[in-house]
Amino acid sequence: MISENAAWSLGALAERVWARAQGRGRRFVLGIAGPPGAGKSTFAAALRDAVNARAGAGAAEVAPMDGFHVTNAELRVSGALPRKGEPDTFDVAAYLDRLRAVRETPVGQRVSWPTYDRALHEPVPDGVTFDRQPLIITEGNYLLLDDYGGAGWSAVREYLDEAWYLDAPVEQLRERLLERHIRGGKSEAFARDKVARSDLMNVELVAKTRERADLVLRAAGRDYLVE
Ligand SMILES: Nc1ncnc2c1ncn2[C@@H]1O[C@H](COP(=O)(O)OP(=O)(O)O)[C@@H](O)[C@H]1O
Ligand SMILES: [Mg+2]
């Protein structure tokens, strides 16, 4: 068992989750939640690579929640484009459908999953396909939301065999979010407005879901502190 206030290497975390994922007769789904900018996508990819380095290529793959962004065209029609990234700007029903497919489809059979293109700012249908992977790492802001609006986010938890929460100081989140908008082609003024109006609200919303995680992690150099 992981003890609190201990520092864990990526390799140790990979070994822990891989040990749990085996011998189930179906895929094991690890959820990684946390506020925007916490480093979830980076961490999920690194964890996948660390599992695959130990268990062999094709042991684990990432299933991003970001693939379920509603398209810009649809958000424009509904007037929600300025709020893009908030919980109701995702297709939660489609996310639940894919999570169910991942769990119910035997290992070795294909399940396709959408990804998100941060240059085009649009989802990519069938961006990744799972086939032989027994471990699927799904990551995103809202995995642990409990009954937010009518969107059904609270149903996600039952598809997660284990849920981790990656935390980071709010000042660091603010800086990373600003930088990400600017790197994605937005002006500094737009970026500051978006962070203040929308992103930091999402940070607060997600912070309330921290207690629903099985494990809370915080990056500390190359290691992760378990809180
Ligand atoms: N452990 C880390 N140390 C330093 N920078 C990091 C770390 N993890 C992520 N980052 C940087 O922070 C930014 C946000 O990371 P990302 O993985 O996209 O976060 P999220 O998916 O939670 O929104 C990226 O620019 C990434 O390079
Ligand atoms: Mg991300």
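What counts and what doesn't
Residues numbered from 1 in each chain as written. Chains lettered and ligands numbered in written order. Predicted model: local features only at pLDDT ≥ 70, side-chain atom pairs only at ≥ 80, totals over all residues. Heavy atoms only, no water. Axes fitted to C-alpha atoms, helices over the stretch in contact; angles between N-to-C directions. Helix = DSSP H or I, 4+ residues; strand = E, 2+ residues; numbered from the N terminus. Parallel < 35°, antiparallel > 145°, perpendicular 65-115°, else oblique. Contact = heavy atoms within 4.5 Å. Nonpolar A, V, L, I, M, F, W, Y, C, P; charged D, E, K, R; others polar. Near = heavy atom within 4 Å. Polar contact = N/O pair within 3.5 Å; in protein donor to acceptor, adjacent residues only side chain to side chain. Areas by Shrake-Rupley, 256 points an atom, 1.4 Å probe, with all protein chains shown as cover. Phe/Tyr/Trp six-rings, centres within 6.5 Å; stacked < 30°, edge-to-face > 60°. Buried < 20%, exposed > 50% of the residue type's maximum accessible area, 1.4 Å probe, protein only.

## Focus on the packing of helix 1 (residues 10-21) against helix 2 (residues 40-55)
It is the contact of helix 1 with helix 2, at a shortest axis distance of 9 Å, that shows an interaxial angle of 70 degrees. On the basis of the axis angle, helix 1 is roughly perpendicular to helix 2. Every residue of helix 2 that contacts helix 1 at Leu-10, Gly-11, Leu-13, Ala-14, Glu-15, Val-17 and Trp-18 is listed here: Phe-43, Ala-46, Leu-47, Ala-50, Val-51, Arg-54 and Ala-55. Class assignment for the residues of the contact of helix 1 with helix 2 results in eleven nonpolar, one polar and two charged.

## Looking at the site of ligand 1
The local shell around ligand 1 consists of Pro-35, Pro-36, Gly-37, Ala-38, Gly-39, Lys-40, Ser-41, Thr-42, Arg-176, Arg-180, Arg-183 and Ala-219. The contact in question runs from an oxygen atom of ligand 1 to an N or O atom on the backbone of Gly-39, over 2.9 Å. Considered on its own, ligand 1 offers 560 Å² of accessible surface; in the complex 66% of this is hidden by protein. Secondary-structure elements contributing two or more residues to the shell around ligand 1 are helix 2 and helix 5 (170-183).

## Overview of the packing of aromatic side chains
Think of a pair of aromatic rings as described by two things: how far the centres are apart, and how the planes are tilted against each other in angle. Applying the stated criterion across every chain yields a total of ten aromatic pairs. Plain terms: the ring middles of Phe-43 and Trp-164 are 6.3 Å apart, the flat faces sit at 40 degrees to each other, and that makes the pair tilted. Residue Phe-43 is located in helix 2, and its partner Trp-164 is located in strand 7 (residues 162-167); the two are separated by 121 residues in the primary sequence. The class for Phe-43 is buried, based on a relative accessible area of 2%. A ring pair is formed by Trp-113 and Phe-130, whose centres lie 5.8 Å apart and whose planes are at 55 degrees; its orientation type is tilted. Highlighted residues: Trp-113 in strand 4 (residues 111-117) and Phe-130 in strand 5 (residues 122-130), separated in sequence by 17 residues.

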